[in-house]
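# Descriptive analysis of the structure
The residues making up each chain are set out below.
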Amino acid sequence: MCVALAVDGTYVGEWIPYPLRMLADLEQAQLEAQSALAASVTTDALDAWKSAWIGGNGRLKSMMMALKDVPKDLKPAAGKRLNELKAALEAAYEERRTAVDASAGPRGPIVDVTEPGVPLAEGCRHVLSRTIDEITEVFGRMGFTLAEGPEVEDEWHNFTALNIPESHPARDAIDNFYMGEQGGVKRLLRTQTSTVQIRAMETQSLPIKVVATGRVYRPDTHDATHYSMFHQIEGLYLDRGVTMSDLKTTLVQFAHAYFGAEAEVRMRPSFFPFTEPSAEVDMKMRIKGEWKWVELGGCGMVDPNVLRAVNIDPEVWTGFAFGLGIERIAMRRYGISDIRWLYENDARFLRQF
Ligand code: DAH
């Protein structure tokens, strides 16, 4: 047996090598911690016990730090014991906490799940997003796939390739949001989704049957029927031998599927630079019980100049195109009389749809 002597040589008791003493200390610590825990009967006392023993600056932490002084060969045993102690104290704490919380009465953190709660505010899809999904779904069933194009466009896609000449008033600065040049190319916010016709013809192989939906921008003064940003749906079908009757059939099928079997389509002769012949499209739909003609957009047979601009031979390929206003469709369908309500983000308005 070893004897421990103080520096002055007096006998102070048995000398225990440090690692063994550490193990003994751990036993002692466990006893102490457990009796202090048993004495903690309030939430505050439990909190204090937690920080004194198992918290970031607690005793367990300092014992962990002392582990580095234990000789290498004994470290595994001491480390193992320390981990056991840690697990034991944490488990004892959780058990005690549950018991104390349960006795803390209605102010405790126990939740009665049978009690009615505050209902969660549920959002809904914007009426325009819904309309876009519904419309594209109908065209999807007719074999049209979705195409896309950027909202910031160059003059080529917004005008030139669409057979709108340099001198055309549609290019006027007061009718467009020009955004300055990039690499010598004038950019603007697109004024029509017809740009996507060009993009589809540039990138896809023939035949092409696409619809594109998205925002377009025009510097209009805001009132009940005008806004500087709105949405369009564009359609393009390009194949061998496509005719005007295919165009009308497609629009009639859309009207029947979307507005009901009694809906009608009317095409009035018109002019657009990118179609020849061109027509305005009206659809007869039921609005608040009454059947009314509503002007929805334009359509026509793709002008040969447009096909030539994207290197497609107009002697071989023909096609139709159409562009309809989505706000017009949604507003008529749901009886919305002011376009501005669509963008005000007033939840009371939007929740109705
Ligand atoms: N882009 C035209 C507009 O914004 C609408 C339009 C007319 C689109 C005729 C077409 C079309 O594809 O063939 O007013």
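Residues numbered from 1 in each chain as written. Predicted model: local features only at pLDDT ≥ 70, side-chain atom pairs only at ≥ 80, totals over all residues. Heavy atoms only, no water.

### Regarding the pattern of salt bridges
Applying the stated criterion to the full structure yields 22 salt bridges. Measuring nitrogen to oxygen at the nearest pair gives 3.3 Å for the salt bridge that ties arginine 333 to glutamate 134. Residue arginine 333 is located in helix H10 (residues 326-334), and its partner glutamate 134 is located in helix H5 (residues 127-141); the two are separated by 199 residues in the primary sequence. Overall, arginine 333 belongs to the partly exposed group, its relative accessible area being 37%. A salt bridge links aspartate 282 to arginine 268, with the shortest nitrogen-to-oxygen separation between them at 2.7 Å. (Salt bridge = Lys/Arg side-chain N within 4 Å of Asp/Glu carboxyl O. Helix = DSSP H or I, 4+ residues; strand = E, 2+ residues; numbered from the N terminus. Buried < 20%, exposed > 50% of the residue type's maximum accessible area, 1.4 Å probe, protein only.)

### Considerations on the packing of aromatic side chains
Throughout the structure, instances matching the rule amount to 15 aromatic pairs. With a centroid separation of 5.6 Å and 70° between ring planes, the pair formed by tyrosine 334 and phenylalanine 353 is classed as edge-to-face. Taken together, the residues tyrosine 334 in helix H10 and phenylalanine 353 in the segment after helix H11 (347-350) connect sequence positions 19 residues apart. Given a relative accessible area of 25%, tyrosine 334 falls into the partly exposed group. Aromatic rings pair up to connect Phe139, Phe144, Tyr237, Phe254, Tyr258, Phe259, Phe320 and Phe322 into one cluster. For the cation-ring pair, lysine 186 lies above tyrosine 178, with the distance from its terminal atom to the ring centre recorded as 5.3 Å. When the ring centre of phenylalanine 144 is taken as reference, the NZ or CZ atom of lysine 209 above it lies at 5.1 Å. (Phe/Tyr/Trp six-rings, centres within 6.5 Å; stacked < 30°, edge-to-face > 60°. Lys NZ or Arg CZ within 6 Å of the ring centre and 35° of its normal.)

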